[in-house]
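Inside the fold
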Amino acid sequence: MGKKKVMIPVENVDLKTVKYKREPIQAPHLTGFGLKLFVWVTEAPLIGSLVLSILKKQNKMDEMLRYTVIPERPMFKPEFPPQEPEHGVVVVGEDDEPIRRVEAALKCLPQYDPAYLSNADSSPYLYWKIRDYAHAYQAGLVTPSMVAEHVISGVEEFNNKKPPMPFLIAFNADDIRKQAAASTERFKEGNPISVLDGIFVAIKDDIDCSPYPSKGGTTWFHEVRPVKGDAASVSKLRSCGAILIGKANMHEFGLGTTGNNPNYGTARNPHSLDRYTGGSSSGPAAIVASGLCSAALGTDGGGSVRIPSSLCGVVGLKTTYGRTDMEGALCDCGTVEIIGPIASTVEDVMLVYAAILGSSVTERISMNPAPPCLPSLSSFESSNALKSLRLGKYTEWFNDVYSTDISDKCEDVLNLLSKNHGCETVEIVIPELDEMRAAHVVSIGSESLSSLIPYCEDGKGPKLTHDTRTNLALFGTFSASDYVSAQRIRRRIMHYHMDIFKKVDIIVTPTTGMTSPIIPEGSLKLGETNLEVSGYLMRFVIAGNLLGLPAISVPVGHDKQGLPIGIQLIGRPWAEASILRLASAVEELCLESRKRPSTFVDILKVK
């Protein structure tokens, strides 16, 4: 008795009374033998349930869900009201061939100047862009086959480093050479397929890319789910001539934020080899940051594209839920995940996004997506669109970071946007952030467990890493009522955000609440669980997943230790063009603040 709490109907909440508070996550930080013992305890009958019940009580999970009367109807997947059309954009056809969409994206970019190809020191960018490769191929400065040899030797060099840097789980040099030879022949004949022809792209290990197995970072999942062909997004890239270099490392099943993977080795941050890349798309972000490929595909169910992009100093786009077809991804049945591009620059993310976008037939029927658009970055109209942007900032949340280096750097960006483009910063309030976090954990946890429990019951569970088993043990304590309550909260949080978007165009936050954490030595063989770190890394990303909103992480500089900092731009539903436009402006303002990682390979080598 006395446990019940009743929420006020969402439309009656007085935002003036909302006080920002953050409940720190209560959970042990464990590595090595301690983690192994904890897994044994949590999986034990009776005592395991007791321990997990205590953890949930300490973190008020039951209080926020099971013991609360939530008056709203559940929202079992994102539902969006009609949105105002974006300005200064080019509409692209979902049913067009990917090549045509990439051509449309190319026309949206500023005029290309190839002069700095012969003098990299004059380039404003730290990385070669996709258009640099395309020009170098067309001018005969290099061939895709020549670059392929640099990629192959670079991957092998990283694998043999001490400590090793296993960016890829699966890699076939002969297959890369075969793809590159075909691309070289097309350039020789003067008939490249698109600007993506000959561009090297890595695919996260939970996205199908034939002939590689999709293991999801495990040692066994490919045995129960054979790959029958390319995922929809991968097929679109292949049709544009992209060279797919293999399956990139990841946190097992995407159930972690650091990228720790004892099965294949933990990918290391190219900016500091003793630190994590972030996860779960650890390999995709790190391999792009290292210069070994221009772009990669990741999946994002809880910041898994944006977190590693931020920690590795590259650009990561999370699209609106339903904007990209999830067919061929291991997480294709969830309500929070998307497939998104990672690249070194905003324009490269935009080119890859143009290739892979397109809702599935099911999502078109159920979600009625707005037509996909791209920003026209070279037009006068685009400049006016920037000037009229209203940027939402929840100051207390914005400043709740591990180091003020992060909030200070992101605040500087807002000031620069105001000074240089006339963007207005508007103070906003977002209620029930802790409830949003709980709803997300229950949603992604329940959906993940639903997919995996048949295999765990069939004897595969002990083959999972210890931190995955810990997570699954926790997820197994969530009830049907918890899941429904989480979806009721999803509707409340959606209401708050749709109200906010009546006042602002884009919500701005740091991408993560901390920069790249150190890899504990004891975590490499047996794994690690550190929910305090996960809380910092996921602090600002959850709305994008629970609500399905588009969001992008853009590098804006470094902290005092030289570790990258990212800023996150969260857009209205279907408004990828708006956040890409602002991201391009942010990138230009922060070019001088970015640094090339200490571990970097120049695979173009046109000097």
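Now for a quick tour of the structure. (Residues numbered from 1 in each chain as written. Predicted model: local features only at pLDDT ≥ 70, side-chain atom pairs only at ≥ 80, totals over all residues. Heavy atoms only, no water.)

With respect to the pairing of strand S16 (residues 506–510)
Defined as follows: For the exposure calls, accessible area comes from a 1.4 Å probe over protein chains only, and a residue counts as buried if that area is under 20% of its type's maximum, exposed if over 50%, partly exposed in between. Runs of E in the DSSP output that reach at least two residues are strands. Runs of H or I that reach at least four are helices, and both are numbered from the N terminus. Pairing between two strands is assigned when DSSP locates at least 2 bridges connecting them.
Summarising burial for S16: 5 of the 5 residues are buried, a large majority. Where strand S14 (residues 390–393) and S16 come together, 2 bridges link them in parallel fashion. Looking across to S16, one finds that Gly392 is bridged to Ile507. For S16 and strand S19 (residues 564–571), the ladder comprises 5 bridges, and the chain directions are antiparallel. Along S19, the bridge assignment pairs Ile506 with Gly571.

Overview of the packing of aromatic side chains
To be explicit about the condition: Centre distance within 6.5 Å is the pairing criterion for rings of Phe, Tyr and Trp, where only the six-membered ring of Trp is used; planes under 30 degrees apart are then read as stacked, over 60 as edge-to-face, and the remainder as tilted. Charge over a ring is defined by NZ of Lys or CZ of Arg lying within 6 Å of the ring centre and within 35 degrees of the ring normal.
Evaluation of the coordinates by the stated rule reveals 16 aromatic pairs. Arranged with centres 5.7 Å apart and planes meeting at 90 degrees, the rings of Tyr20 and Tyr394 form a pair that is edge-to-face. Pair noted here: Tyr20 is in the loop between strand S1 (5–6) and strand S2 (30–31) and Tyr394 is in the loop between S14 and helix H15 (395–398), with a separation of 374 residues, a long-range link. Among the aromatic side chains, those forming a connected cluster through ring pairs are Tyr20, Tyr394, Trp397 and Phe540. When the ring centre of Phe398 is taken as origin, the NZ or CZ atom of Lys393, which lies over that ring, is 4.9 Å away. Lying across the ring of Phe600, Arg596 places its NZ or CZ 4.1 Å from the centre.

A few points about the pattern of salt bridges
Convention followed: By convention in these notes, a salt bridge is any Lys or Arg side-chain nitrogen within 4 Å of a carboxyl oxygen on Asp or Glu.
One pass over the structure, following the stated rule, counts 32 salt bridges. Linking Lys247 and Asp205 is a salt bridge whose minimum nitrogen-to-oxygen distance equals 3.4 Å. Highlighted residues: Lys247 in strand S7 (residues 243–248) and Asp205 in the loop between strand S6 (200–204) and helix H8 (221–224), separated in sequence by 42 residues. For Lys247, a relative accessible area of 0% translates into the label buried. A salt bridge links Glu432 to Arg492; the shortest N-O distance between them is 2.8 Å. Here Arg492 lies in helix H19 (residues 480–500) and Glu432 lies in the loop between strand S15 (424–427) and helix H17 (433–460), a separation of 60 residues in the sequence. With relative accessibility at 16%, the residue Glu432 sits in the buried group. Accessibility expressed as a relative area gives 1% for Arg492, which makes it buried. Residues joined by salt bridges that share partners form a network here, namely Lys56, Asp62, Arg66 and Asp482.

Considering unusual backbone geometry
Residue Pro211 follows Ser210 across a cis peptide bond; omega there is 10 degrees. For Pro211, the position within the fold is in the loop between S6 and H8. For the peptide bond that leads from Gly279 to Ser280, omega is 10 degrees, which places it in the cis range. Inspection of the secondary structure assignment puts Ser280 in the loop between strand S9 (272–276) and helix H10 (282–289).

Quick notes on the layout of surface pockets
Spelled out, the test is: Note on definitions: the grid is 1 Å and covers protein atoms alone; a cavity is a set of points where a 1.4 Å probe fits but cannot get out; a pocket is an open set with protein on both sides within 12 Å along at least five of seven lines; lining residues have an atom within 4 Å of a point. Grid points are joined across faces, edges and corners, and a volume is the space filled by probe spheres set on the points.
Put simply, the largest pocket is a space of about 1100 Å³. Together, 50 residues line the largest pocket, and Ile25, Val441, Leu531, Ser534 and Met538 are the ones closest to its centre. Listing elements by their share of the lining of the largest pocket, those giving two or more residues are helix H2 (47–58), H17, helix H18 (466–475), strand S17 (528–529) and helix H21 (531–538). Ranked by residue count, the leading element in the lining of the largest pocket is H17, at 8 residues.

Description of the sheet that holds S14
Our working definition: Note on geometry: axes are lines fitted to C-alpha atoms, helical ones only across the stretch in contact, with angles between N-to-C directions running from 0 to 180 degrees. Whether two residues are in contact is decided by their heavy atoms, any of which lying within 4.5 Å being enough.
Read from one edge of the open sheet, 11 strands run S5-S7-S6-S10-S12-S11-S18-S19-S16-S14-S15, paired in mixed fashion. Strands with a single pairing partner mark the edges of an open sheet, and in this sheet they are strand S5 (168–170) and S15. Strand after strand, the sheet turns through a mean of 35 degrees between neighbouring axes, direction not considered. Bridging between strand S11 (residues 315–318) and strand S18 (residues 551–558) involves 3 bridges; their strand directions are antiparallel. When the bridges of S18 are listed, Leu317 appears paired with Ile552. Sheet strands in contact with helix H16 (residues 404–421) are S14, S15, S16, S18 and S19, and its direction is about 55 degrees off that of S19.

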